[in-house]
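# Chains, contacts and geometry: an overview
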Amino acid sequence: QGTSYDVCSLFTCIPPKGAVAAVKEFLDADNTLGERTSLSSEQICQLLELCLECTYFTYNGQFYQQLHGCAMGSPVSPIVVNLYMETFEKKALSTFPDTPPSKRLRPADDTRRKPQRRATEKLPDHINNVDSNTQPTQETSHDNSPPLLDSNVTAQEDGRLNADVHRKPTHTDQHPDPNSHHPLEQKLGVARTPLHRANTTTTSEEAKSKEHNHPKNAPNRCGHRTRTLNKALRPSDHSKKPRDKPLDKRKATNITIPYIEGVSEKLRRILQGFNIGTNFKPYSTLRQNLVHPKDRVQKAIKSEVIYRLKCEEPNCNDTYIGE
C-alpha cells in the first residue's frame, strides 16, 4: 500500500539556519568544489545566510523582517529547501527503528513511499518527531493509486509503476475565454499544455489516448473554436513556415513589452527583423489593482535609479540629473 506525504507551506516552514546547515553538509562532501570556485564552504554559507536572513519589507509605513522560513520568490530558496528536505529525509529513514519503505519518490515537497504494513502507522509519527518544522500530512492510497503532484501512480502486480493524469474533485475544466485580452500563443497553450502533460506523464497507451481527447473537448466547451484547437494540437513540423525571418539565437536580444492586442504583435514583427526577440507581459491585472500585501517603495528612497531634480527657484527651468 502506497502512502503520500505532503509538506504544507514548504518554503515558509524551513528555518534559515537549518537550510544553511544542510547546504554546508553537501558542500563539505563535494570533493570538486575547489575546481569551480575559490570560496570555501564557510564563506559560501556566510553569503547564503546573508541572502536568507536579509528579507525586509514595509507594511503600513513600518519595516519588518522575516525571521522564519525562506522567502517566496527568491531564486535561492528552491535550491536550499530541496537540499534541506533531502537531509531531513535521510535522517528520518536512517533513524527509523522498523523496516524502512521499500520504494520512495520525492519531487519537491511531495513524497511517495511504500512502507511495510506494520510500519504504516509508526512512520508518520516518527517523521513528525524528527523535525518539528515540516510536519508533513499523510495521504493513504485508494485502490493502490495515491495521487502524486498531477499524476496517479499505480503499482502493478509485476512491480511496475503506471502513471496517469490526476485531477482533483474540484477541477472544473474552466479555461480562459477565447475573447479575453491574452496573446494568441497563450490561448493556444490551453490545448497544448494538457497534450504535453499527457505525453510526458502517462505511461499506458490507453490512458494516453484518453488524455489526447481531453484538450479538444474541455476548451471547446469554454468557447474555443475547433479550428483553433486543431491548429494548436498540430505537430510543429506540419505547420506552415513562418512569414518572418527566424531569429539568430546566438546574437538575438530579448526584450519584454506590455501586451496590447493588435499593437504588440506588430511591434514584435518589426523587432524580429532586427534580430530582437519579444516577450509579452500584462500591463494591468486584477492582482496588481486589488492585492497589495506590501507597501510600494517611494521613488525618493529607491536606490540604483536615475533621478531628476527641478530647480525650486521661481522662473527657473533648470533641472539636475543624477544617478
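This text follows the structure it describes.
None of the values given here were measured: they were computed from a predicted structure.

### Some remarks on the overall build of the chain
- Counting its regular elements, the chain contains eleven helices and 13 strands.
- Across the 323 residues that make up the chain, the buried fraction comes to 32%.
- Sequence separation of at least 24 residues holds for 56% of the intrachain contacts in the chain that already meet a minimum separation of 6.
- Total accessible area on the chain stands at roughly 22,900 Å², and carbon and sulfur atoms take up 51% of it.

### What to know about helix α9 (residues 226-233)
- If you check which residues of α9 are buried, you get L229, A232 and L233. Buried residues of α9 fall within an arc of 95° about the axis and therefore sit on the same side.

### A short note on helix α7 (residues 184-201)
- Its 18 residues place the ends of α7 26 Å apart at the C-alpha level, agreeing with the 26 Å of an ideal helix rising 1.5 Å per residue.
- Of all the bends found along α7, the most pronounced is centred on V190 and spans about 45°, while P194, a proline, follows it within four residues.
- Turning to α7, its buried residues are K187, L188, G189, V190, A191, P194, L195, A198 and T201.

### Some words on the side chain of T202
- On the secondary structure map, T202 appears in the loop between α7 and α8 (205-221).
- In this structure the side chain of T202 is engaged in a polar contact, spanning 2.4 Å, whose partner is the backbone oxygen of A198.
- Residues within four places of T202 in sequence aside, it is in contact with A163, D164, V165, R197, A207, K208 and E211.

### Looking at the packing of aromatic side chains
- Within this structure, the stated rule accounts for one aromatic pair.
- With centroids separated by 5.3 Å and ring planes inclined at 50°, the aromatic side chains of Y259 and F280 adopt a geometry described as tilted. Taken as a pair, Y259 in the loop between β10 (253-258) and α10 (264-272) and F280 in strand β11 (residues 276-281) lie far apart in primary sequence, 21 residues in all.
- On the basis of relative accessible area, F280 is assigned to the buried category, the value being 17%.

### Focus: the pairing of β10
- With six bridges joining them, β10 and β11 adopt parallel strand pairing. Bridging across to β11, T253 finds its partner in I276.
- The parallel pair β10 and β11, bridged by α10, forms a crossover whose chirality is right-handed.

### What about the pairing of strand β2 (residues 56-59)?
- Relative to strand β3 (residues 62-65), β2 runs antiparallel, the two being bridged by four bridges. In the strand pairing of β3, T58 is matched with F63.
- If you look at the hairpin formed by β2 and β3, you'll find two residues sitting between the two strands, and N60 has a positive phi there, around 55°.

### Observations concerning the packing of helix α5 (residues 77-94) against helix α6 (residues 122-130)
- Orientation of α5 relative to α6, taken along the N-to-C sense of each, is 125°, at an axis distance of 10 Å. With respect to α6, the element α5 is oriented oblique. Helix-helix and strand crossings are classified by hand; for α5 and α6 the assignment is right-handed. Contacts between α5 and α6 involve F88, K91 and A92 from the former and H126, I127 and V130 from the latter.

### What to know about unusual backbone geometry
- The phi angle at N275 is positive, at roughly 60°, despite the residue not being glycine.
- Relative to the helices and strands, N275 resides in the loop between α10 and β11.
- The phi dihedral of N315 falls on the positive side, at around 60°, and the residue is not glycine.
- Inspection of the secondary structure puts N315 in the loop between β12 (307-310) and β13 (319-322).

Parameters at a glance
- Residues numbered from 1 in each chain as written.
- Predicted model: local features only at pLDDT ≥ 70, side-chain atom pairs only at ≥ 80, totals over all residues.
- Heavy atoms only, no water.
- Helix = DSSP H or I, 4+ residues; strand = E, 2+ residues; numbered from the N terminus.
- Buried < 20%, exposed > 50% of the residue type's maximum accessible area, 1.4 Å probe, protein only.
- Contact = heavy atoms within 4.5 Å.
- Areas by Shrake-Rupley, 256 points an atom, 1.4 Å probe, with all protein chains shown as cover.
- Arc of directions from axis to C-beta.
- Expected span 1.5 Å × (residues − 1).
- Bend = angle between axes of the 7 residues up to and from the residue.
- Polar contact = N/O pair within 3.5 Å; in protein donor to acceptor, adjacent residues only side chain to side chain.
- Phe/Tyr/Trp six-rings, centres within 6.5 Å; stacked < 30°, edge-to-face > 60°.
- Pairing = 2+ DSSP bridges.
- Right-handed = clockwise from strand over helix to strand, strands pointing away.
- Axes fitted to C-alpha atoms, helices over the stretch in contact; angles between N-to-C directions.
- Parallel < 35°, antiparallel > 145°, perpendicular 65-115°, else oblique.
- Left-handed = near helix turned anticlockwise from the far one by under 90°.

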